[in-house]
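# Chain and residue survey
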Amino acid sequence: MVGRARTLRDAARLVRRKVFVDEQGVPEDEVFDGADGRAVHVVAFTGEEPLATARCLELESRIWRVGQVAVLEPARGLGTGTLVMRAALKHVVSCGGVEIVLAAQSGAAEFYRRLGFAQCAPGDALESGVVLVPMSLTL
Ligand SMILES: CC(C)(COP(=O)(O)OP(=O)(O)OC[C@H]1O[C@@H](n2cnc3c(N)ncnc32)[C@H](O)[C@@H]1OP(=O)(O)O)[C@@H](O)C(=O)NCCC(=O)NCCS
């Protein structure tokens, strides 16, 4: 499902809490950065349980950022991440977007490459040791 409804936002935040905060130890204020209210959320469900999410934010006219991409551990490697990313791309296209940028954790860069993204600037190492790779896709 794709939209701005509060219920969808809450479902997305549940997945992000489990993956980024509980599993990866990312600080809560980085995961819940205050931008959720103006974002479009993509959430994949199994029954009523959310299992994967991505977030779309329009940065400036026709340029979007997709981020906070997360799939619950048991659902990984089954194409669920690709499914939510394709839904995010479709949404951006439907809004007239011409470019998507994102910051990939270096371990996930290959996942985005397979979706057509390419590195567009040097990687940036965070204090935590995670390297973020800026990537973009022209639509
Ligand atoms: C990264 C993530 C979103 C991928 O979701 P997924 O559902 O496991 O990915 P898919 O099953 O759709 O994989 C699609 C393709 O990408 C590849 N791929 C997925 N994750 C990969 C990774 N970390 N490294 C290399 N390749 C990867 C898969 O092998 C698959 O290749 P194939 O098409 O040849 O089979 C998921 O592993 C995840 O949530 N990880 C933890 C959170 C995270 O790191 N998020 C990214 C923040 S930038």
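Higher on the page you've got the structure.
Below or above, wherever it landed, is the structure these notes cover. Predicted model, so just to flag it, every value in this text is computed and none were measured. Counting restarts for each chain, with residues numbered from 1 along the sequence as it is written. Per-residue local features are limited, in this predicted model, to residues with pLDDT of at least 70; the limit for side-chain atom pairs, both in listing and counting, is 80 or more; totals at the level of whole chains, interfaces and linings are taken over all residues.

## Regarding the pairing of strand S5 (residues 99-105)
Look at any regular strand and the pattern is simple: side chains alternate between the two faces of the sheet. Note the cut-off: Our exposure labels follow a C-beta count within 10 Å of each residue's own C-beta, placed from the backbone: buried means 20 or more other C-beta atoms, exposed means 12 or fewer, and partly exposed covers the counts in between. Put simply, DSSP H or I for four residues or longer makes a helix, DSSP E for two residues or longer makes a strand, and each gets a number counted from the N terminus. At least two DSSP bridges between two strands are required for those strands to pair. Crossover handedness is defined by viewing with both strands directed away from the observer: a clockwise path from the first strand over the helix to the second marks the crossover as right-handed.
Because side chains alternate across S5, one face comprises the buried residues Ile 100, Leu 102 and Ala 104, and the other comprises Glu 99, Val 101, Ala 103 and Gln 105, none of which is buried. Judged from the 3 bridges that link them, strand S4 (residues 63-71) and S5 form a sheet pairing that is parallel. From the neighbouring strand, Arg 65 faces S5, where its bridge partner is Val 101. Traced from S4 through helix H3 (residues 80-94) to S5, the parallel crossover comes out right-handed. The pairing of S5 with strand S8 (residues 131-138) spans 7 bridges and is classified as antiparallel. Counterpart to Leu 102 in the pairing with S8 is Met 135.

## With respect to unusual backbone geometry
For Arg 62, which is not glycine, the phi torsion reads 70° and is therefore positive. Within the secondary structure, Arg 62 is located in the loop between strand S3 (49-60) and S4. Residue class for Arg 62 comes out partly exposed when judged on the 13 C-beta atoms lying within 10 Å of it. Residue Gln 68 is not a glycine yet carries a positive backbone phi of 50°.

## What to know about the site of the ligand
Short version of the rule: We call a residue near a molecule or strand when the C-beta position, derived from backbone atoms, sits within 6 Å of it. Polar here means any residue other than Ala, Val, Leu, Ile, Met, Phe, Trp, Tyr, Cys and Pro, which are nonpolar, and Asp, Glu, Lys and Arg, which are charged; Gly is therefore polar.
Val 71, Arg 76, Gly 81, Thr 82 and Glu 110 are the nearest of the 18 residues found near the ligand. Elements that contribute at least two residues to the shell around the ligand include exactly S4, H3, S5 and helix H4 (109-113). Each residue belonging to the shell around the ligand can be placed in one class, and the counts come to 8 nonpolar, 7 polar and 3 charged.

## Topic: helix H1 (residues 6-23)
As a reminder, the rule being used: Expected span of a helix, by definition, is 1.5 Å for each gap between consecutive residues, and there is one gap fewer than residues. The angle separating two fitted axes, one through the seven residues that finish at a residue and one through the seven that start at it, defines the bend at that residue.
Taking 1.5 Å per residue, 18 residues should reach 26 Å; H1 reaches 24 Å between its end C-alpha atoms and fits that length. A bend of about 35° at Arg 17 is the largest found in H1. The set of residues buried in H1 consists of Ala 11, Ala 12, Arg 13, Val 15, Arg 16 and Val 19. Phi turns positive one or two residues past the end of H1, at Gly 25, with a value near 70°.

## Observations regarding H3
Spelled out, the test is: This entry defines residue contacts through backbone-placed C-beta atoms, with two residues in contact when those atoms are within 7 Å.
In this model, H3 (15 residues) spans 21 Å end to end at C-alpha, consistent with the 21 Å of a helix rising 1.5 Å per residue. Against strand S2 (40-46), S3, S4, S5 and H4 lie the buried residues of H3. Gly 96, located one to two residues past H3, shows a positive phi value of around 90°.

## Quick look at the environment of Phe 20
For Phe 20, the location among the structural elements is in helix H1. The exposure class assigned to Phe 20 is partly exposed, which follows from the 18 C-beta atoms found within 10 Å. Residues Phe 20 and Ala 70, spaced 50 residues apart in sequence, show a C-alpha to C-alpha distance of 7.8 Å. Those residues in contact with Phe 20 that lie beyond four places of it in its chain are Val 26, Val 31 and Ala 70.

The quantities given are spatial measurements derived from coordinates; they are silent on function.
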